[in-house]
Amino acid sequence: MDDKIIQLIGVSREYNTGIAVDNINLYVKKGEFITLLGPSGCGKTTTLRMIAGFEVPSSGQILLNGEDITKIPPYERPINTVFQRYALFPHLNVFDNIAYGLRQKRVTAVYENNKGERIEKKVKLTRKEIEEKVSKALKMVDLEEFEKRNVTTLSGGQQQRVAIARAIVNEPEILLLDEPLGALDLKMRKDMQLELKEMHKKLGITFIYVTHDQEEALTMSDTIVVMKDGTIQQIGTPMSIYNEPKNSFVADFIGESNICSGTIVGDKKVKFINHVFDCVDDFPLNEKVDVVVRPEDVFLMDEGKGQVNGVIASSIFKGVHYEMAFMVGKTEIIIQDTIERKEGERASIYIKPEDIHIMAKEFVSNRYEGYINKRNRVCFAEGEFDCDVTKLYPGSTLDEEGYLVLTTGEKLDLTNTEVIVEVGLKDIEIIDNDEDGDACGSIVSIIYKGDHYQIIIRTDEEEEDFVVDTEYVWNENDRVSVKIPPEKIGLKLKVAEGTRR
Amino acid sequence: MKLRFARKHLCIPYALFLALFVIAPILIMLYYAFTDSEGGFTLMNFASIFSDITALSAVLSSVSIALLTTAICLIIGYPVAYILARSGLKHGKTLLLLFITPMWINFVMRLNALKEFFALINILDKSAYFNTVIGMVYDFLPFMILPLYTTLIKMDNSLIEASQDLGANKIKTFVNVVIPQSMPGVISGITMVFMPSMTNYVISDILGRSHITILGKLIENYFMQNNWNMGAAISMMLLAVMFVFTWLTGGFNDDAANAKGVGL
């Protein structure tokens, strides 16, 4: 017997507005506390709603204990949900809210009739059974005296507890929690985190938890599933997600981290911030990589004693530790240490080989499919850009009428020629005004990489991405436009030749 | 003293209107209701309502017509409002408009059209009672649909999901969650249909061809016969009944008042 209680196989969910969940595969083990973690709009809630039965996947299968439940309605699933805004029934008091599920329940009872035959019958729970179960659930959430209270008079934290009691009283096989602590204040949230974890231990049922709070996920879960744009980025224990992030998105999303560009210069040797470090990951020679180092893994030493010298640019007291920015040339390394070094002080840093995490670079350049229009400009990603079309045929020139003249003297009309466009990450300029550039979109992601920001700008209709490396900081969701110098647009023919004339 | 303009002065025009056209007439009516034709104090006007056969039968038919109309409006209106508000129809708003546009056509014209239609299908002379009920349903249905629609569209969808999540199928969810949640709309719908259908005698005049006398008609008759005292007494009694009805259904609560405000 395998112990997979729930399995998602190639599950997708599409809306008219786009894809919310894109072909995800995931299984959850019995009794596990699993957290779906990601920024808003990453598809985590949609995934949860498909498991609950509120949404039907556009494709794929959901198995519960090996049985297909993809199309089974929510009221026939042994799964209960704690909703984001509690969704308590305002017309019922605390007792009736919690008893709601029990009153729907039918259990099999065995009778013996007067002929001595055994008869199985579906019966309701008795009033006494319901009362016992409800008071047990109330005790579990510390609300013993609240049975007769009107739910609308309860505080947020108390409503939250009623919502949890209402779900667990049914003894579901799986409890789904959709950002249940989002509306509580910090202190209460911390307490509830521990209580939920305690409850999970006591009840022994499977918890599937959705949150955008990475700290919450790290504190509570056995397994974390990091999601972005409807796809799973990484699945692992909190420890492995924190220590071995698979890509720079995960590294940036889970806790503070320093992300720098580096190059592999030898066997388990990586060069970044102008120094060759030993590391433990194997990557091909000369590969461009992202290097991730957690702030608490960087040791500060006196100048000359560590691996790289630099200067402290700023220092902030954060309670348990100081957070200091250490400048090596133009690159900033964030360091957390309990001993403060003053701003302007020169120092050096040391990083252990096992604390240097190396990831393949996600983006080396931007590639698009596009075409040349009548004015010899190239169209891609919802924009129209000036470009040098002579790049398509080496040695060719443009005549006055706009035809391309090849070295052989042949004349070409390039209109509608399909091309592959390649643009470097540093060759795109971001412009504040969304009408001044050649294409526009919104900023969907910003990741700081030591000496620059990596910004992703997504166009509105076709959702094409411009990945841009820039020194300037922008805000997420900003509307911006992009400009690319004509000489920086790399062009290649998609098919062997253009329309001949 | 300098004259200062304060925000409360904005209500002066309405206060004047209220005093002249609402409070003064009620006081005059009260005077007539409690006096006889010579102007002396009496309670005879009220006593004779309950001893006069015409008056009693008018009360009975008014109440029964109003009850029947309200019930039919609720039975037709609830499903319509539910479908418009909750089934995610693409053109829900347009459909709602279709149900409401008849209200913009002149009331008497609509009734006469209905009368001609009844004549056409030969039921005009059959039953004055049912013709009146059909006419009232036809006229007052939008007043039932609108408040129901507004409460249903405001209802938090997660409540329905929570109910299904806890094991209640669609029918049980409807009975246990949707109906209780839509009660403010039901009450304000009932109020808005029941009250006018007690008194709107134009409908019974045109469609019942004056074969049926409801309270509104009775009041008119008394005033036409120059018996202002009796007319005023019946009006006052009706006012009291409506007041009690509104109070019983919680119409003076803030919650229900809000729901009604949206409905209007």
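Rules and cut-offs
- Residues numbered from 1 in each chain as written.
- Chains lettered and ligands numbered in written order.
- Predicted model: local features only at pLDDT ≥ 70, side-chain atom pairs only at ≥ 80, totals over all residues.
- Heavy atoms only, no water.
- Helix = DSSP H or I, 4+ residues; strand = E, 2+ residues; numbered from the N terminus.
- Buried < 20%, exposed > 50% of the residue type's maximum accessible area, 1.4 Å probe, protein only.
- Contact = heavy atoms within 4.5 Å.
- Areas by Shrake-Rupley, 256 points an atom, 1.4 Å probe, with all protein chains shown as cover.
- Lys, Arg positive; Asp, Glu negative; His and termini not counted.
- Charge placed at Lys NZ, Arg CZ, Asp CG, Glu CD.
- Domains from an automatic or database assignment.
- Pairing = 2+ DSSP bridges.
- Axes fitted to C-alpha atoms, helices over the stretch in contact; angles between N-to-C directions.
- Buried area = accessible area lost by both parts, 1.4 Å probe.
- Salt bridge = Lys/Arg side-chain N within 4 Å of Asp/Glu carboxyl O.
- Polar contact = N/O pair within 3.5 Å; in protein donor to acceptor, adjacent residues only side chain to side chain.
- Nonpolar A, V, L, I, M, F, W, Y, C, P; charged D, E, K, R; others polar.
- Core = buried A, V, L, I, M, F, W, Y, C linked by side-chain atoms within 4.5 Å.

**Q** Looking at this model, I keep getting lost on the overall build of chain B. Mind explaining?
**A** Broken down by element type, chain B carries 13 helices and zero strands. Mapped in sequence order, the helices and strands of chain B form the string α-α-α-α-α-α-α-α-α-α-α-α-α. Taken over 264 residues, chain B has a buried fraction of 42%. Considering only residue pairs separated by 6 or more positions, chain B has 71% of its internal contacts joining residues 24 or more positions apart. Of the roughly 14900 Å² of accessible surface on chain B, a fraction of 71% belongs to carbon and sulfur atoms. Looking at chain B, you have 16 positive and 13 negative side-chain charges, and the mean spots of the two groups are 13 Å apart.

**Q** Explanation requested: the domain arrangement of chain A in the structure shown.
**A** According to the domain assignment, chain A contains domain 1 (1-78 + 172-243), domain 2 (257-360) and domain 3 (365-500). Using C-alpha coordinates to define each centre, domain 1 of chain A is positioned 35 Å away from domain 2 of chain A.

**Q** Would you mind showing me how to read the sheet that holds strand E3 (residues 33-37) of chain A here?
**A** By definition, the strands of a sheet pair up through backbone hydrogen bonds, in either a parallel or an antiparallel sense. Residue and element names in this part refer to chain A. Reading across the sheet, the six strands line up as E6-E9-E10-E3-E11-E12 and stay open at both edges, with mixed pairing between neighbours. At either end of the open sheet lies a strand with only one pairing partner, and these are strand E6 (79-82) and strand E12 (231-236). Shown here is a sheet whose adjacent strand axes are inclined to one another by a mean of 20°, direction ignored. As judged from the four bridges shared by E3 and strand E11 (residues 223-228), these two strands associate in the parallel manner. Following the sheet pairing, Ile34 is matched in E11 by Thr223.

**Q** What is the right way to look at the interface of chain A and chain B in this model?
**A** Accessible area lost upon the coming together of the parts is a frequently used measure of interface size. Across the boundary between the two partners, chain A contributes 21 residues, which contact 19 residues of chain B. For the chain A face of the interface with chain B, the top three residues by lost area are A:Tyr75, A:Tyr100 and A:Gln104, together amounting to 35%. There are one salt bridge connecting chain A and chain B. Notably, a salt bridge pairs B:Glu161 with A:Arg49, separated by 2.6 Å at the nearest N-O pair. Applying the counting criterion to the chain A and chain B interface returns seven residue pairs in polar contact (both at pLDDT 80 or more). Mapped onto the side of chain A that touches chain B, the elements with two or more residues apiece are helix H1 (44-52), E6 and helix H2 (94-104) of chain A. Each residue belonging to the side of chain A that touches chain B can be placed in one class, and the counts come to 11 nonpolar, six polar and four charged.

**Q** What is the right way to read the nonpolar core from this model?
**A** One broad trend across soluble globular proteins is that nonpolar side chains are buried collectively. Residue and element names in this part refer to chain A. Grouped together as the largest cluster of nonpolar side chains are 37 residues, with contacts concentrated most on Ile98, Val134, Ile164, Leu175 and Leu196. Within the residue set of this core, elements represented by two or more residues are H2, helix H3 (127-140), helix H4 (156-168), strand E9 (174-178), helix H5 (186-203) and strand E10 (206-211). Residues in contact with Leu175, not counting those within four places in the same chain, are Asn80, Val82, Ala167, Ile168, Ile205, Thr206, Phe207 and Ile208.

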